[in-house]
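Chains, contacts and geometry: an overview
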Amino acid sequence: MALLSQNKPTTFFEKLNDETWRRKFLRNVLIPWIFISPLLIIHLYVVAIPAVQGIYMSLTDWKGVGMNVNFVGLENYRELFFEDETFGKALRNNITWMIFFLTVPFILALFCATMLSQVRRGGMLYRSILFVPYVLASVVTATIWKNLLNPQRGIGAAADNILGLDGVFGIAYLGRTETALMSIAFIDNWQFWGFLMILFLAAMQSIPPVLYDAAKIDGANRWQEFRHVTLPGIRPILVFMFMMVAIFSFLAFDYIFLLTQGGPGGASEVIATQLYKNAFFRFQAGYGAAQGVVISIFAGFIILIFVTVKRRGWDI
Amino acid sequence: MKSVKLLFAIAVLVLALAPVGAQDVTTVSMWFSEGSTLDCWGPIMLEFNEVDPSVQLEIVPQADTWNVTRTAVAGGGGPDIVRTPGPSFVYEMAQAGLILPMDTFAESMGWGDFFFDWALDLGLVDGQLYSLSDELETLVMYYNVEVFEANGWTPPDTMDELNALAEEVEAAGLTVFSHGNASWRPTNEHFVGEYWTQVAGPHKVYQALSGEIPWTDESLVGAIELLDAHMQAGWYGGGVDLYFTNDGVYRRTSLAEGSAAMNIEGSWAIRGTVDYFGESGMTWDWVPVPSHDGTDYYTIGMGNTSSINANSPHPEAAAQFLTWYFSPATQGKMLTSCLKGPAPVAIGADVMAELDPRIARLYAELSDASANDRYGYTTWTFWPPKSDVYIYEEVERVWTGEITAMEYSAGLQELFAEELAAGDIPPIPTR
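Reading the values: rules and limits
Residues numbered from 1 in each chain as written. Chains lettered and ligands numbered in written order. Predicted model: local features only at pLDDT ≥ 70, side-chain atom pairs only at ≥ 80, totals over all residues. Helix = DSSP H or I, 4+ residues; strand = E, 2+ residues; numbered from the N terminus. Buried ≥ 20, exposed ≤ 12 C-beta atoms within 10 Å, placed from the backbone. Contact = placed C-beta atoms within 7 Å. Pairing = 2+ DSSP bridges. Axes fitted to C-alpha atoms, helices over the stretch in contact; angles between N-to-C directions. Nonpolar A, V, L, I, M, F, W, Y, C, P; charged D, E, K, R; others polar. Core = buried A, V, L, I, M, F, W, Y, C linked by C-beta atoms within 7 Å. Parallel < 35°, antiparallel > 145°, perpendicular 65-115°, else oblique. Left-handed = near helix turned anticlockwise from the far one by under 90°. pLDDT = per-residue confidence, 0-100. Expected span 1.5 Å × (residues − 1). Arc of directions from axis to C-beta. Right-handed = clockwise from strand over helix to strand, strands pointing away.

Check the secondary structure of chain A and you find 14 helices and zero strands. Over its C-alpha atoms, taken along the principal directions, chain A stretches across nearly 100 × 70 × 30 Å. Buried positions account for 31% of the 316 residues belonging to chain A. Within chain A, counting contacts between residues at least 6 apart in sequence, those at least 24 apart form 65% of the total.

It is worth spelling out the overall build of chain B at this point. The secondary structure content of chain B amounts to 22 helices and twelve strands. The buried share among the 431 residues of chain B stands at 47%. Once local pairs closer than 6 in sequence are excluded, the contacts in chain B between residues at least 24 apart make up 76%.

What follows concerns the sheet that holds strand β7 (residues 139-144) of chain B. Residues and elements named next belong to chain B. Strands sit in the order β8-β9-β7-β10 across an open sheet of four strands; the sheet is mixed. Edge strands, defined here as strands with exactly one partner in the open sheet, are β8 (175-177) and β10 (284-288). Averaged over all adjacent pairs, the angle separating strand axes in this sheet is 25°, with direction ignored. Here β8 pairs with strand β9 (residues 260-266) via two bridges, running parallel. Among the inter-strand pairings, Thr175 is bridged to a residue of β9, identified as Ala260. Where helix α14 (residues 248-256) meets the sheet, it contacts β7, β8 and β9, and its direction lies at approximately 135° from that of β9.

Here we come to the interface of chain A and chain B. Contacts between the two partners involve 21 residues from chain A, matched on the other side by 22 residues from chain B. Looking at side-chain class alone, the side of chain A that touches chain B contains eight nonpolar, nine polar and four charged residues.

Turning to the pairing of strand β11 (residues 298-308) of chain B, a few remarks are in order. Where a strand is regular, its side chains alternate between the two sheet faces. Residues and elements named next belong to chain B. Burial analysis of β11 places eleven of its eleven residues in the buried class, which makes it a mostly covered element. As paired elements, strand β3 (residues 81-84) and β11 share four bridges and run antiparallel to each other. By the bridge assignment for β11, Val82 is matched with Ser307. As judged from the three bridges shared by β11 and strand β12 (residues 375-377), these two strands associate in the parallel manner. Across the sheet, the residue bridging to Tyr298 is Tyr375, located in β12.

Let us look at unusual backbone geometry. A cis geometry characterises the amide bond from Gly263(A) onward to Pro264(A), with omega recorded as -10°. Positive phi, normally seen in glycine, also occurs at Asp126(B), with a value near 50°. Topologically, Asp126(B) is positioned in the loop between β4 (124-125) and β5 (128-129). On the neighbour-count criterion, Asp126(B) (10 C-beta atoms within 10 Å) is exposed. You will see that Leu339(B), though not glycine, has its phi angle at about 55°, which is positive. With 20 C-beta atoms counted inside 10 Å, the residue Leu339(B) sits in the buried group.

Moving on to the environment of Leu242(B). Examined against the element boundaries, Leu242(B) turns out to sit in helix α13 (residues 240-243). For Leu242(B), a count of 23 C-beta atoms within 10 Å gives the class buried. Taking the C-alpha atoms as reference points, Leu242(B) and Ile44(B), separated by 198 residues in sequence, lie 40 Å from one another. Once residues within four sequence positions are removed from consideration, Leu242(B) is found in contact with Pro151(A), Ala172(A), Gly175(A), Gly180(B) and Gly237(B).

Next up on the list: the nonpolar core. Counting residues in hydrophobic clusters, the biggest one holds 151 residues, and the most contacted among them are Ile224(B) and Phe321(B). For this core, the element with the highest residue contribution is helix α21 (residues 385-399) of chain B, accounting for seven residues. Beyond its immediate sequence surroundings of up to four residues, Phe321(B) is in contact with Val28(B), Phe48(B), Val55(B), Leu57(B) and Ile81(B). The next biggest cluster of nonpolar side chains, apart from the first, holds 17 residues, and it includes Leu116(A), Leu130(A), Leu201(A) and Met241(A).

Our focus in this paragraph is the environment of Asp296(B). Residues and elements named next belong to chain B. With respect to the helices and strands, Asp296 occurs in the loop between β10 and β11. For the pair Asp296 and Trp111, spaced 185 residues apart in the sequence, the C-alpha separation amounts to 30 Å. Setting aside residues up to four positions removed in sequence, Asp296 forms contacts with Pro288, Glu365, Ala369 and Arg374.

Before going further, it helps to spend a moment on the packing of helix α9 (residues 180-205) of chain A against helix α11 (residues 222-249) of chain A. Residues and elements named next belong to chain A. Look at α9 against α11: their axes get within 9 Å of each other, and the N-to-C directions meet at 140°. Relative to α11, the element α9 is oriented oblique. Crossing of α9 against α11: the hand is right-handed. Taking contact as the criterion, the partners of Leu196, Leu199, Phe200, Ala203 and Met204 in α9 are, on α11, Thr230, Gly233, Ile234, Ile237 and Met241.

A few words on the confidence of the model for chain B. All names here are of chain B. Residue-level pLDDT values for chain B average 91, and 95% of them are 70 or greater. Contacts of residues 17-22 to residues separated by more than four positions or lying in other chains number zero contacts, the stretch itself having pLDDT below 50. Two summary scores accompany this predicted model of the complex, namely pTM at 0.86 and ipTM at 0.83.

Another point: helix α9 (residues 159-171) of chain B. Residue and element names in this part refer to chain B. Taking 1.5 Å of rise per residue, 13 residues should cover 18 Å, and α9 covers 18 Å from first to last C-alpha, within 8% of that figure. Turning to α9, its buried residues number three or more, namely Met159, Leu162, Leu165 and Val169. In a view along the axis of α9, the buried residues occupy a sector of 110°, so they form one face of it. Exposed and oriented more than 90 degrees from the buried face of α9 are Glu167 and Ala171. Buried positions along α9 lie against β8, α10 (187-200) and β9.

Take the pairing of strand β2 (residues 55-62) of chain B next. Residues and elements named next belong to chain B. Sheet topology places strand β1 (residues 26-33) next to β2; eight bridges connect them, and they run parallel. Counted as the bridge partner of Val28 is Leu57 from β2. In this view, the connection linking β1 to its parallel neighbour β2 by way of helix α2 (residues 36-45) has right-handed handedness.

Listed below in structure tokens is the structure:
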């Protein structure tokens, strides 16, 4: 063994003289890196460097214009967690938003995907109808629903007219502190859940039918089939979407900004809308960057939970 | 012989084209929001290109002009003419060295000859002129003439008269003010600023802006309490929750069609008011917003400002355009053709005579008020950015019952004191 190992090149330069090693190195290392380098350079330029800059800016009092930047250490974070009451409120709204989106669209999507997976004729039509809202731009959906929820000319007012009621359904859903956030979540969900359903449906269709046959032979009812065959069969996509939705919940911005801009009285304010206002209206870009970093930390924490669970042997 | 002829022809052609090729054309760029405003303003602004063929204006339409502009300017690019939403934005850009001081242009091009003195002062940052204010604005109370006549009402002069009238309006089944903030949430600040001025008085506001008295002063807090009381009474749009969902279309149609009696809104709303009343066939008019003692106070504001980009390769040409654009002749034409709020420049009486008498009266009254110490301050022009955002965002918490007027004012005082100490306050005309 010792003799053989003596003949083997050990240093990088010795290896370079070895024709076989050179070819292997070229094929397995150099060429892949050459191919990936354009993407890597772009990624570094548009993601990694701005991310590092963002972290740095969060430690400054940068106003968002010019280059007058003063290092303030963790001052922005201290203010965020210990002084800014509105941040706590926004964080609570984000958590409420996450709970809503981890339940309502998942239940809806699972239920409808299960139903649709059993439809043999015309299934494509149903799928298309339920998926259509997802392809609408959020600004279009927001405008449609803003009008539909209008207390004077919306569907609530129409229902009141038909039923001879006054102000029972025709209320200012987006104008009340107790209903604003959930109304926006409802609208966002109206657009989103169809996408989730299509993903679940595709996953369900990849489950081998013999598993259902076996379950039937064992005397399983519909619920037991769903619980013991369907859910385990779609678990990877289900868990992945759980993770993605949890992360997206901290990035919620568009519908809230389009419909209420965080109002009334901050009732629908979330971290991302606060961040935008701080950076662009209040000239507190450094403080806004700190909020952005906090959102990223939350997202990282969610990913960490899923990675930990996977490492502990969960099949996800 | 043929080649001689050919050379001669080429020489003639070169000589003929030479003056054109040698003429340097400088292009001054300006970014402007897309939409109906540009449709009307654009052709008039492009008339500048006929004044001096060597300087040409290029208008680039943008979807989100201000955010695009400040990003580009901060990155060393952007248009030659930098338009901002107000003096507080100018302050930040000037501090960052992104726009040029224009004192030499002001002197050489005679801007002081046609701008009101106080208006040029609004563009000062650390004693240097960085911006020219545009679109002089104020808030007035529009009302539906037919509704008032049918009910035998007269427009109120004082807050007490407004109180009495509001009861009658509500008894008649109408909304007092056709209002809502669903289209533009900062609408809230219009009322805060008006109530401070009309209830506490502009001198108190000036004292608070100068740091002489706090925003928790009894008179200023009282103004916020009165606004809240009016809001809770459903005067604005029919109720607090409805106010948050009423949009711009509601605001205009309900007044123009007579389901609301009045509307406190800016002079910028004249164009929309004219259009909507034109469709409904009813008549509009305006009076000053009622004050505590019946004095006609007008809050003064600026819709936007113009500056010269520090990276502009030809600031002189940009200044040349600004001189033309802010001239009383151009401003007069834009006022008569587009009902654009004029820049604070001396527009001739002949131009005003062409206007609808109601509109002409508004600008005449505003001019008179500014000359006779009856002017107040709009929040978006004279307040620093953090305080300004606080004013329109946090007042909703007063209206939704989450905090009191005093707590709101104390929060503002804390923030304002911070910005005052940092020197972030835009220039305030002294009284």
